[in-house]
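A closer look at the structure
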Amino acid sequence: MLGERYRYHLPSEKRPVGQTRGTDLEPQRPIRIALPFEPEGGSVNVYLFVEPEPVLIDAGFNSPAGWAALQAGLASHGLSPADLSRVVITPPHVDHYGLAAAMTRAGPAEVWMAEVGSDWLRNFPAQQQRRIDYYRDDFLPGLALSSDLSESMLHWMQGALAAWQPIPGERIHAFPVNRALMLGGVAWQVLHLLGHDSQLTAFYQPDRRQLLSTDALMIPTATPVVEAPPPGQPRPPALPQMVNSLQRLAELEVDQVYPGHGEPFGDHRTVIQSQLRRIEERKEECYRHLVAGARTVAELFPLLYGARDGLVGPAGLWMAVGYLDLLVAEGRVEAVRHERVWRFSPR
């Protein structure tokens, strides 16, 4: 396999994962290639490192327009999908893994993902179906939503399942989160950042003060995806985890952020402070609605989003649940499940 050029079996303190022997090149900056993301009417970023071997961070959304845009973006740097040696997936989301299978058909590329999420690449249909089952049988009934809204969300999740294209198992490589990853001729720290997704990884280059944040930090704020918990365990509180991850990122020295969506940006601490302040404001608004008598997510949702409650979809629901998770974690709100529905009351 091509990957044996840069896969090492020495102790972790010797070499970062993905290091090429004898490489002595000027470190490469990530090259942004924006691909269309039709379901949301926007775009999603992939990032290219040309040297010492062509590596792509993320794989965009699977569509003919996305494949054409990727080919054009690579061609502008004298490359094609057949030239890629690695594709590194950050979260296992439909807009980040979409074209990975097509790249393995086009050439020798291996598909890399952190160990914490690589099973999603190997067994995506089973993992996604487990999440759908959890939403249908547990999570959505607990929100007391209308049947139309619940069915709409399940249909949206089924769409991700239908869009999946299998990646050959022998092309999938899992890397540890406690070691650096070689990208563009330099070692990048692997950051496992919970909140938007429990499998998400970002990459930080401290010498060049660059952060490949993917969806952990972007403008506007990422949403805290509600995930199916392990059997017998409670649902992980995604928004409190995301707040913690943003606080971790604020501690880093960063000059340039390369997000999963939108233009790269600087001044990351100001961005993070603004996003945390907005989360705090919305959490307090949620608390005021509870004090006024709202008790369920179905009652809170239109109060938080007004006329937009039919447009914000899953992202709005996840945020509403996240504000409640924050209030419960602070001990200001009590959550009790009665007849399958979660009810929230100020203490």
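Structure shown above.
All figures in this text were calculated on a predicted structure; none of them were measured in a lab.

**Considering the pattern of salt bridges**
When the charged atoms of two side chains lie near each other, side chains of opposite charge can form a pair. Summed over the entire model, instances satisfying the criterion amount to 17 salt bridges. Note that glutamate 281 and arginine 278 form a salt bridge whose closest N and O atoms lie 3.9 Å from each other. Linking glutamate 281 with arginine 278, this pair stays in helix H8 (residues 268-291), spanning 3 residues, or about one helical turn. Among the residues examined, arginine 278 registers a relative accessible area of 46% and is labelled partly exposed. Here glutamate 285 and arginine 282 are joined by a salt bridge, their closest N and O atoms 2.8 Å apart. Taken together, the residues span about one helical turn, with glutamate 285 and arginine 282 both in helix H8 at a distance of 3 residues. Residue glutamate 285 is classed as buried on the basis of its relative accessible area, which comes to 19%. Among the charged side chains, a salt-bridge network with shared partners connects Glu280, Lys283, Glu284, Glu330 and Arg332.

**Some points on the sheet that holds strand S11 (residues 256-259)**
One open sheet accounts for 5 strands, arranged S7-S8-S9-S10-S11; its pairing is mixed. Each edge of the open sheet is held by one strand with a lone partner, namely strand S7 (181-183) and S11. Within the sheet, the average angular offset between the axes of one strand and its neighbour, ignoring direction, is 30 degrees. Summarising the sheet, strand S10 (residues 210-214) and S11 pair through 4 bridges and their orientation is parallel. When the sheet's bridge partners are listed, leucine 211 is paired in S11 with valine 257.

**A closer look at the nonpolar core**
Within the largest apolar cluster, 70 residues are counted, with the highest numbers of intra-cluster contacts made by Ile89 and Tyr135. At 9 residues, helix H10 (residues 313-329) tops the list of elements feeding residues into this core. Among residues more than four places away in sequence, those in contact with tyrosine 135 are Leu140, Pro141, Met153, Leu154, Met157, Val226 and Trp318.

**Observations regarding H10**
A rise of 1.5 Å per residue sets the reference length of H10, with its 17 residues, at 24 Å; its end C-alpha atoms lie 25 Å apart and thus fit the reference within 8%. Downstream of H10 by a residue or two, glycine 331 has a phi angle that is positive, lying close to 80 degrees.

**Some details on the side chain of glutamate 110**
Here glutamate 110 is to be found in strand S5 (residues 110-114). Since its relative accessible area comes to 1%, glutamate 110 is described here as buried. Only 3.0 Å separates the side chain of glutamate 110 from the side chain of tryptophan 112, close enough to count as a polar contact.

**Topic: the packing of aromatic side chains**
According to the stated counting rule, one finds 14 aromatic pairs in the structure shown. Summarising the aromatic geometry, the rings of tyrosine 134 and phenylalanine 139 are spaced 6.2 Å apart at their centres and angled 20 degrees between planes, so their arrangement reads as stacked. The exposure class of tyrosine 134 is buried, given its relative accessible area of 13%. On the basis of relative accessible area, phenylalanine 139 is assigned to the buried category, the value being 4%. Grouped by ring-pair contacts, the aromatic residues Tyr97, Trp120, Phe124 and Trp164 constitute a single cluster. Its end group placed over the ring of tryptophan 112, arginine 86 keeps NZ or CZ at 4.8 Å from the ring centre. In this structure, arginine 332 packs its charged tip against the face of tyrosine 287, placed 4.3 Å from the ring centre.

Procedures and definitions
Residues numbered from 1 in each chain as written. Predicted model: local features only at pLDDT ≥ 70, side-chain atom pairs only at ≥ 80, totals over all residues. Heavy atoms only, no water. Salt bridge = Lys/Arg side-chain N within 4 Å of Asp/Glu carboxyl O. Helix = DSSP H or I, 4+ residues; strand = E, 2+ residues; numbered from the N terminus. Buried < 20%, exposed > 50% of the residue type's maximum accessible area, 1.4 Å probe, protein only. Pairing = 2+ DSSP bridges. Axes fitted to C-alpha atoms, helices over the stretch in contact; angles between N-to-C directions. Core = buried A, V, L, I, M, F, W, Y, C linked by side-chain atoms within 4.5 Å. Contact = heavy atoms within 4.5 Å. Expected span 1.5 Å × (residues − 1). Polar contact = N/O pair within 3.5 Å; in protein donor to acceptor, adjacent residues only side chain to side chain. Phe/Tyr/Trp six-rings, centres within 6.5 Å; stacked < 30°, edge-to-face > 60°. Lys NZ or Arg CZ within 6 Å of the ring centre and 35° of its normal.

Purely geometric numbers; function is a separate question.
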